[in-house]
Amino acid sequence: MIRLIFLALYLSSLCLSAPHRDLTWNDINFIHTTDTHGWYSGHLNQPLYHANWGDFISFTTHLKAKAHSQGQDFLLIDSGDRHDGNGLSDITTPNGVKSTPIFIKQNYDLLTIGNHELYVWENSKQEYDTVVKHFPDNYICSNVEFKLKNGTFVPFGQKYKYFTTPITKTRVLAFGFLFNFNRFNDGTRVTPMIEVLKEPWFQEALKHEVDLIIIVGHTPISHHWDEFYQVHNYLRKYFPKTIIQYFGGHSHIRDFTVFDNLATGIQSGRYCETAGWTSLSLNKDNLPVKERFSRSYIDFNLDSFKYHTGLTDNFDTKVGEEVSQLISETREQLQLDALIGHVKTNYYVDYVPIDHPKSIFNLLTSRVLKTLPGHNEERIIIINTGSIRYDLYKGPYTIDSKYIVSPFENEWVNVTVPKSVATKVAAKLNDADYISASRLKPPHQYDLPEVDFRQKFNQAAFFGDYEKLPKGYVTHDDFGTDGDDTLHRAVVNFPVPNVVQSVDLEDELEAPVNLVFYSFITPNILWALNELNFNVTQLGGHSPTTTYSSVFLGTLLNEFIAENKI
Ligand SMILES: *[C@@H]1O[C@H](CO)[C@@H](O)[C@H](O)[C@H]1NC(C)=O
Ligand SMILES: *[C@@H]1O[C@H](CO)[C@@H](O)[C@H](O)[C@H]1NC(C)=O
Ligand SMILES: *[C@@H]1O[C@H](CO)[C@@H](O)[C@H](O)[C@H]1NC(C)=O
Ligand SMILES: [Zn+2]
Ligand SMILES: [Zn+2]
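Computed from a predicted structure; not experimentally measured.

Caption draft 1: The arrangement of the sheet that holds strand S5 (residues 153–155) in detail. Pairing is antiparallel in the open sheet, where three strands are placed in the order S5-S4-S8. A single partner strand is all that each edge strand has here, and the edge strands are S5 and strand S8 (188–190). On average, each strand axis in the sheet is tilted by 30° relative to the strand beside it, whichever way the strands run. Bridge count between strand S4 (residues 144–147) and S5: three bridges; the pairing is antiparallel. The residue of S5 that forms the bridge with Lys147 is Phe153. Sheet strands in contact with helix H5 (residues 121–134) are S4, S5 and S8, and its direction is about 100° off that of S4.

Next comes the structure, spelled out in structure tokens:
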């Protein structure tokens, strides 16, 4: 292993790219994506994740050919959440009209639904009419259904799939599970996966002769999210010696977990930053789990893609080129690259502490939010950290960037409360455990691994030339810290609070001040006021807040950048 890495270091020093770790090929090889959220153009201001969906298609085409030439299988899997993330998916109504036809160009063997396909009916309908229709046999949903016009509920695609792989002739039983999501629109229905296990069709499915079970889910695989582990305990009663591979999603992290000696799970990040690789041996011996399974998190860039295929020339396939072309035509048509301004340095959601000059929350609270039109009054503006979706990178800032960083269109509302109360609301919300249930932070913040940061740094430093490595993920999972395909200088996700505030107060005197926030967090604000013994009833009967402004945060940021202030 070490020798391979140094070989890679040596080779890569010749082509001036970051050192890579090789993939481990085995009887069955998988590439997994999840939570792509429309990022099919690639990350235009981030070379590390610069590959687009066409490049990805070329990549997997070569991997599949290589697997087949080695007498091995290769399967492509996606775990859902394909909307809500950037302009390509979100500028249209309903969103996804233009990005979904791009997504389905990838030749998935198995795919399932995410919660973002279920918030609004138009998205669910589009999923049913476009993605399910394109993959009628491969789209599997064991616990999510769509309501037809006549009121009948039908699965999105199949409830399960039983098939034999083309090369090794492995008999596979596959299910698709969404976590217990309850904000689905009423043209759809989610049944908790644990209840589905008792349904007659599921019991019938378990009667097949099976060599491998695949669970493709939009559900975190981490040990503290118990849904997959409950399914696993149940399956093990019927299949004590069958290999099981889980594919997870939703919490937007890279992760790999060991369920038992014959079962592991992979989760492949978010936003086309990662193509997850896992492979497994069908060997009947009692192999240690680390010999049977492998995992790699491949950075979504051409350098990595070419490295793992061994191709430098002739990398682009015909379909890959066509899809790249379709993406650039679509971007043009949607005018996503229309320039608003230029950003001179990077601002991060959580790669720096929240009071750091490069924290996007510091930028917003100390400067951008101050520009919210008001009444020249003393005020405190509170935003939840989940209202920022992604980092703001150096480079051209376009219509697309706005959708990436701050897309949410919530009205600002206000309440007038005594200063001594107003100043305590943010702290109250940030202490509150109960708030974690209402997901005020960015999704990955709820699933940060317990990491010893020193170990992260030492591990990377071992390879020398540490400072020259590109910054990126150093993932800590059940197999260790060597899963990332590219050696990185570790980025660290600092914890962020539920909310941050921009404070404009004049003096210490007690006076009524305005507390301003997105209507979206009104229930949380009222809860905090109540906890602070402020009588919320006196604000007025059924609507305690007043509309304050409909100049959205994204608009403030646009104007700020257009005026060349950062
Ligand atoms: C509803 O429509 C579907 C598809 O056309 C059909 O299969 C089903 O039997 C219908 N159900 C009822 C209750 O009419
Ligand atoms: C919101 O602010 C305006 C202007 O200061 C004020 O008139 C109004 O009463 C405030 N709303 C509430 C519910 O306190
Ligand atoms: C809260 O305010 C309302 C309306 O002003 C009043 O009727 C009620 O008695 C107050 N409750 C408490 C506990 O002070
Ligand atoms: Zn997601
Ligand atoms: Zn999700």
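Caption draft 2: A look at the site of ligand 3. Taken together, Asn535, Thr537 and Gln538 make up all the residues around ligand 3. At a separation of 2.4 Å, an oxygen atom of ligand 3 approaches a polar side-chain atom of Asn535. Contact with the protein chains removes 26% of the 360 Å² of surface that ligand 3 exposes when unbound.

Caption draft 3: Looking closely at the coordination of the zinc ion (ligand 4). The protein atoms that coordinate the zinc ion (ligand 4) are Asp35 (OD), His37 (NE2), Asp81 (OD) and His252 (NE2), at distances of 2.0 to 2.2 Å. All donors of the zinc ion (ligand 4) come from a single chain, and their spacing in sequence reads D-x1-H-x43-D-x170-H. Here the zinc ion (ligand 4) and the zinc ion (ligand 5) are spaced 3.4 Å apart, with Asp81 acting as a shared donor. His37 gets classed as buried once you look at its relative accessible area, which sits at 1%.

Caption draft 4: How the structure looks around the pairing of strand S16 (residues 379–384). Across the six residues that make up S16, a large majority, six, are buried. Of the two faces of S16, both are covered, the one formed by Arg379, Ile381 and Ile383 as well as the one formed by Ile380, Ile382 and Asn384. Two elements, S16 and strand S21 (residues 499–504), share six bridges in a ladder whose sense is antiparallel. For Ile383, the partnering residue across the bridge sits in S21 and is Val500. Pairing analysis gives four bridges linking S16 to strand S22 (residues 512–518), with the strands arranged parallel. Along S22, the bridge assignment pairs Ile381 with Val516.

Caption draft 5: Representation of the sheet that holds strand S18 (residues 412–418) within the structure. Here we have five strands laid out as an open sheet, ordered S21-S16-S22-S18-S23, and mixed in their pairing. Each end of this open sheet is capped by a strand with a single partner; those strands are S21 and strand S23 (546–549). The average undirected angle you get between the axes of adjacent strands in this sheet is 35°. Where helix H17 (residues 522–531) meets the sheet, its contacts fall on S16, S18 and S22, and the angle it forms with S22 comes to roughly 145°.

Caption draft 6: Broad picture of helix H8 (residues 227–238). Spanning 12 residues, H8 covers 18 Å between terminal C-alpha atoms, matching the ideal 16 Å at 1.5 Å per step. Among all positions in H8, only Glu227, Phe228, Tyr229, Val231, His232, Tyr234, Leu235 and Arg236 are buried.

Caption draft 7: Broad picture of the pattern of salt bridges. Per the stated rule, a full pass over the model turns up 21 salt bridges. Of the charged contacts, one joins Arg189 and Glu145 as a salt bridge, the two residues approaching to 3.1 Å between their closest N and O atoms. Remark: Glu145 occurs in strand S4 and Arg189 occurs in strand S8; sequence separation between them is 44 residues. For Glu145, a relative accessible area of 10% gives the class buried. With its nearest N and O atoms 3.2 Å apart, the salt bridge here joins Glu273 to Arg270. With relative accessibility at 1%, the residue Glu273 sits in the buried group. When its relative accessible area of 7% is taken as the criterion, Arg270 is described as buried. Connected through shared salt-bridge partners, Asp78, Arg82 and Glu127 make up one network.

Caption draft 8: Structural detail: the site of ligand 2. Every residue close to ligand 2 is listed here: His375, Asn414, Val415, Thr416, Asn514, Pro544 and Thr546. Asn414 has a polar side-chain atom sitting 2.2 Å from an oxygen atom of ligand 2. The backbone of Thr416 places a nitrogen or oxygen atom 2.8 Å from an oxygen atom of ligand 2. When grouped by side-chain class, the residues that make up the shell around ligand 2 number two nonpolar, five polar and no charged.

Caption draft 9: A look at helix H10 (residues 302–309). Buried residues of H10: Ser304, Phe305, His308 and Thr309, and no others. The buried residues of H10 occupy an angular sector of 125° when projected down its axis, which confines them to one face. Looking at the buried side of H10, the elements it contacts are helix H2 (53–69) and strand S14 (293–299).

Here is what the cut-offs are and how they apply
- Residues numbered from 1 in each chain as written.
- Chains lettered and ligands numbered in written order.
- Predicted model: local features only at pLDDT ≥ 70, side-chain atom pairs only at ≥ 80, totals over all residues.
- Heavy atoms only, no water.
- Pairing = 2+ DSSP bridges.
- Helix = DSSP H or I, 4+ residues; strand = E, 2+ residues; numbered from the N terminus.
- Axes fitted to C-alpha atoms, helices over the stretch in contact; angles between N-to-C directions.
- Contact = heavy atoms within 4.5 Å.
- Near = heavy atom within 4 Å.
- Polar contact = N/O pair within 3.5 Å; in protein donor to acceptor, adjacent residues only side chain to side chain.
- Areas by Shrake-Rupley, 256 points an atom, 1.4 Å probe, with all protein chains shown as cover.
- Donors = N, O, S within 2.8 Å, 3.2 Å for Na, K, Ca; no water.
- Buried < 20%, exposed > 50% of the residue type's maximum accessible area, 1.4 Å probe, protein only.
- Expected span 1.5 Å × (residues − 1).
- Salt bridge = Lys/Arg side-chain N within 4 Å of Asp/Glu carboxyl O.
- Nonpolar A, V, L, I, M, F, W, Y, C, P; charged D, E, K, R; others polar.
- Arc of directions from axis to C-beta.

Spatial relationships are all this shows, so hold off on functional conclusions.
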